Amino acid sequence: MPKRYAFFILLISIGGLLNAQVSSDCSSAVPICSNTPANGGANGFGLDDFNGATRSGCLEATTTGAIESNSSWYRFRTSASGQLGFNIGHDAQEDWDFALYLADDCNDLGEPIRCNFFDNRDENQFIGVGEDPTGNTASLQYEDWVNVEPGQNYYLLINNFSSSDSGFSIQFTGDIFNTNPTDALDCSIISNLLGAPIVACENETVQLDATTSNAASYRWYRDFGSGFQLIQNQSNSTLTINIAALYRVEVITSAETIISDVQVAFSSRPVAGPLVDEVVCVSADVPYDLGQKDMEALNGQDADSFLVGYYSSLADAQMGIHELPKQYEKTAGVETIFVRVSSLENPNCYDASQSFEFEGIAAPILGLDQQLFLCEDGSTATIGQATSNPNYVYSWNTGQTTPFITVSEPGTYILTATTSQGNVNCVRTRTIEVITSISPEISAVEIDGFSISNTVTILTELDGDFEFRLDDGEFQTEPIFEDVLPGNHTVFMRDLNGCGVVTEEIAVVGYFAYFSPNGDGINDSWHIEGMEYLNEPVISIYNRYGKLIKQLNANDSGWDGTFSGQQMPESDYWFKLSYLDDNGTRLVDKFLRKNFSLRR
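Computed from a predicted model, the values in this text were never measured in an experiment.

(A) Examining the overall build of the protein chain more closely. Of regular secondary structure, the protein chain possesses three helices and 48 strands. A compact globule built from 600 residues would reach a C-alpha radius of gyration of about 25 Å, whereas the protein chain, at 45 Å, exceeds it by more than 25%. Principal-axis analysis of the C-alpha atoms places the extent of the protein chain at approximately 155 × 70 × 40 Å. For the protein chain, the residues scored as buried account for 46% of the 600 residues in total.

This is the structure we're talking about:
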């Protein structure tokens, strides 16, 4: 998401100016407004602003036993409505926390509306509200934007949890500064002759104005960290400067002596490096990383101090608005990309003088990788692109150079398409895996049941993608059918990849595995249950040598274990079943050639 910057910043402390215009107590919080950049730092804390409490929102007691350890307090008032955020920049080796309170009085802060107490083990450079200016969307040290209304008062506590203190910066951000760039915050809360702290870019000049009615004289001082020193030969009501320091004016009138201090700082101004033009291959859903151009734009400058942004117009680059996403969805054609290199501590210090031509060449469009099945009956298949593009050069890993080929063998086939423009070749590949699919084959059908409701299971020894059907039912992936009525049925097995269907006629009947014709009235004969559901069934019984012993039809009561009036010996006997199908053709059930035992 593009970064949004306001037009003011709180700058990192400079040398001995660490304690300049900094307050460690809420009651004397430093007022700031939209044109008020200010230096900041923290060295201990004054009064316990939380009256002994050990928690305020996410903030917890520090090593001091209080919530504050090295604290700085600021206050501001909103003049417009919109989305507000801020970035607190600091040394990546230090651990800073913050809490933002919506309150009119330090004695009634309430709970913070935004708060962050995460440690800085990731060595981030910023904490704050809204968006990390470095583009780190995964940072745990950023809280959601604040939606503000005019006339709201806020107190901001910034606390250093570390033992070292390099100072910090604050950049205010948000949509509110797009709609109200100069008056998003109320500057009337600042009462100081020289106004709010000032920041400018290096090589700029700043004019301090202390003009006062009835002034008799003006004397100007500056402090580089070792105390105020008189600036010689400066007695006008204004002072033009280009050096960072804490400045003081002493104005003598007939009624009083007025003393006013203001801090002035200067931020480094980057110089954008030249960028080479780019020609890239583009395709849908494959963005180009504009961040690859950052090092060119920085041209050796510190990536931790400056930010690179990309824009579609010079005006956008100069204003720092409508930044293009780093993961840029480039389309075919030529466009100019404008580059803005800005200071992380002060986005108003920038260089937007560079740009580059960005040309996109449409990469070949091929179909998705796929799997294709060939039947083992020697069939062939045509693979590749159905139509030829005259702008493409085609090649296969088989050596062929047409957009499509005919194959009859399994394997991995790779199609490469290339389009060229100048020295740029755009290449795309498509892989087609051709696999042999096995034709279906039913090896057996199991029938479980001696009743009106039976279970039929289709068995196969093949390992493939198959589905199964019984009679006129729907195909299913499981080969088991339940609640099957006795009688003749048709089972189907087909290959899911289109390599054939096989059918088998079966008879759903039941039989006993043995019988004992000894005259006790129990299992004295052997027969098949369910024959009455078949059309003219015939059972043929054989001995172990294949001799026909007995034939039964639906009207017979069964076999009594004799042959030509003689009792047959104990042994295993085999049988087969035949019947007429719906067309009057006699069928022999190939899956019902079983054996049973005769026991005496």
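We are not done yet, so read on.
(B) Just the pattern of salt bridges, in detail. Per the stated rule, a full pass over the model turns up twelve salt bridges. Salt-bridge contacts for Lys590 lead to Glu504; the nearest nitrogen and oxygen are separated by 3.2 Å. Highlighted residues: Lys590 in the loop between strand 47 (586-588) and strand 48 (594-598) and Glu504 in strand 38 (residues 501-508), separated in sequence by 86 residues. With a relative accessible area of 45%, Lys590 lands in the partly exposed category. Among the residues examined, Glu504 registers a relative accessible area of 17% and is labelled buried.

(C) Up close: the packing of aromatic side chains. Per the counting criterion, the structure on display carries 25 aromatic pairs. Taking 5.3 Å as the distance between ring centres and 80° as the angle between the ring planes, the aromatic pair formed by Phe76 and Phe172 counts as edge-to-face. Of the two residues, Phe76 is situated in strand 5 (residues 71-77) and Phe172 in strand 13 (residues 168-173); the sequence distance between them amounts to 96 residues. Looking at Phe76, the relative accessible area reads 2%, which means it is buried. Judged by relative accessible area, Phe172 falls into the buried class, the value being 1%. Connected via pairs of aromatic rings, a cluster forms that spans Tyr511, Phe515, Trp526, Trp559, Tyr573, Phe575 and Phe596. The positively charged end of Arg494 is found above the aromatic ring belonging to Phe475, 3.7 Å away from the centroid.

(D) Summary view of the sheet that holds strand 29 (residues 393-396). In space, the four strands of this open sheet follow the order 27-32-31-29, with mixed pairing throughout. Edge positions in the open sheet fall to strand 27 (370-375) and strand 29, since each of these has one partner strand only. Across the sheet, the axes of successive neighbouring strands diverge by a mean angle of 25°, strand direction being ignored. Across eleven bridges, the pairing between strand 31 (residues 411-421) and strand 32 (residues 424-437) is antiparallel. Within strand 32, the residue paired with Ile414 across the bridge is Thr431.

(E) Quick peek at the environment of Ser312. Within the secondary structure, Ser312 sits in the loop between strand 23 (306-311) and helix 3 (314-319). Sequence separation between Ser312 and Pro181 is 131 residues, and the spatial gap between their C-alpha atoms is 22 Å. When neighbours within four sequence positions are excluded, Ser312 is seen to be in contact with Leu324, Thr336 and Phe338.

(F) Just the sheet that holds strand 34 (residues 454-459), in detail. With respect to topology, three strands assemble into an open sheet ordered 33-34-36, the strand pairing being antiparallel. Both edges of this open sheet fall to strand 33 (444-448) and strand 36 (480-484), since each of them pairs with a single strand only. Averaged over all neighbouring strand pairs, the angle between strand axes comes to 20°, with direction disregarded. In this structure, strand 33 lies alongside strand 34, joined through five bridges in antiparallel fashion. Bridging across to strand 34, Val445 finds its partner in Ile458.

(G) Region of interest: a nonpolar patch on the surface. A contiguous nonpolar surface patch, about 310 Å² in accessible area, is contributed by Ile452, Leu485 and Tyr533. Of note, Leu485 is situated in the loop between strand 36 and strand 37 (487-495).

(H) Up close: the nonpolar core. In terms of nonpolar packing, the biggest core is built from 29 residues, with Phe86, Ile170 and Phe172 touching the most fellow members. Every element with two or more residues in this core is listed here: strand 5, strand 6 (82-90), strand 7 (96-102), strand 9 (126-129), strand 11 (146-148), strand 12 (153-160), strand 13 and helix 1 (176-179). Sequence-distant contacts of Phe86, that is, excluding residues within four places in its chain, are made with Phe98, Leu100, Ile127, Gly128, Val129, Tyr142, Leu156, Ile170, Gln171, Phe172 and Thr173. Grouped together as the second largest cluster of nonpolar side chains are 20 residues, Ala507, Leu577, Tyr579 and Leu592 included.

(I) Region of the structure containing the environment of Ser305. The topology assignment puts Ser305 in the loop between helix 2 (294-298) and strand 23. Linking Ser305 and Thr137, residues 168 residues apart in sequence, is a C-alpha distance of 19 Å. Those residues in contact with Ser305 that lie beyond four places of it in its chain are Ser342, Ser343 and Leu344.

(J) Inspection of the side chain of Ser343 at higher detail. Residue placement: Ser343 occurs in strand 25 (residues 333-343). By relative accessible area, Ser343 is classed as buried at 4%. A distance of 3.2 Å separates a polar side-chain atom of Ser343 from the backbone nitrogen of Asn346. Each residue touching Ser343, except ones within four places of it in the same chain, is listed here: Ser267, Ser268, Pro270, Ser305, Phe306 and Cys349.

(K) Region of the structure containing the pairing of strand 15 (residues 206-209). Only one face of strand 15 is buried, namely the one carrying Val206 and Leu208, since none of Gln207 and Asp209 on the opposite face is buried. Across four bridges, strand 15 lies against strand 18 (residues 238-241) in antiparallel orientation. Within strand 18, the residue paired with Gln207 across the bridge is Thr240.

(L) Representation of the side chain of Asp49 in the model. Take Asp49: it is sitting in the loop between strand 2 (30-31) and strand 3 (55-56). There is a polar contact of 3.2 Å between the side chain of Asp49 and the side chain of Trp73. If we skip the residues at most four places from it in the chain, Asp49 touches Ser24, Asp25, Cys26, Ser27, Glu68 and Trp73.

(M) Inspection of the state of the cysteines at higher detail. Going through the model one piece at a time under the given rule, you end up with five disulfides. One disulfide bridge connects Cys201 with Cys349, the sulfur atoms lying 2.0 Å from each other. Across the S-S bond linking Cys201 and Cys349, the dihedral sits near -105°, which makes this disulfide left-handed. Of this pair, Cys201 sits in strand 14 (residues 198-201) while Cys349 sits in the loop between strand 25 and strand 26 (350-362), and the two are 148 residues apart along the sequence.

(N) Here's a closer look at the confidence of the model for the protein chain. Residues at a pLDDT of 70 or more form 95% of the protein chain, whose mean pLDDT is 89. This model gives residues 1-20 a pLDDT under 50, and the stretch forms 99 contacts once residues within four places in sequence are excluded.

(O) Here's a closer look at the pairing of strand 21 (residues 278-282). Here strand 21 shows one buried face, formed by Glu278, Val280 and Val282, and one open face, formed by Val279 and Cys281. Note: strand 21 against strand 26, five bridges, orientation parallel. Each residue of the ladder has a partner; that of Val279, found in strand 26, is Glu359.

What counts, and where the lines are drawn
Residues numbered from 1 in each chain as written. Predicted model: local features only at pLDDT ≥ 70, side-chain atom pairs only at ≥ 80, totals over all residues. Heavy atoms only, no water. Helix = DSSP H or I, 4+ residues; strand = E, 2+ residues; numbered from the N terminus. Rg over C-alpha atoms; globule rule 2.2 N^0.38 Å. Buried < 20%, exposed > 50% of the residue type's maximum accessible area, 1.4 Å probe, protein only. Salt bridge = Lys/Arg side-chain N within 4 Å of Asp/Glu carboxyl O. Phe/Tyr/Trp six-rings, centres within 6.5 Å; stacked < 30°, edge-to-face > 60°. Lys NZ or Arg CZ within 6 Å of the ring centre and 35° of its normal. Pairing = 2+ DSSP bridges. Axes fitted to C-alpha atoms, helices over the stretch in contact; angles between N-to-C directions. Contact = heavy atoms within 4.5 Å. Patch = residues over 30% accessible without salt bridge, like charges linked within 9 Å, V, L, I, M, F, W, Y side chains within 5 Å. Areas by Shrake-Rupley, 256 points an atom, 1.4 Å probe, with all protein chains shown as cover. Core = buried A, V, L, I, M, F, W, Y, C linked by side-chain atoms within 4.5 Å. Polar contact = N/O pair within 3.5 Å; in protein donor to acceptor, adjacent residues only side chain to side chain. Disulfide = S-S within 2.5 Å. pLDDT = per-residue confidence, 0-100.

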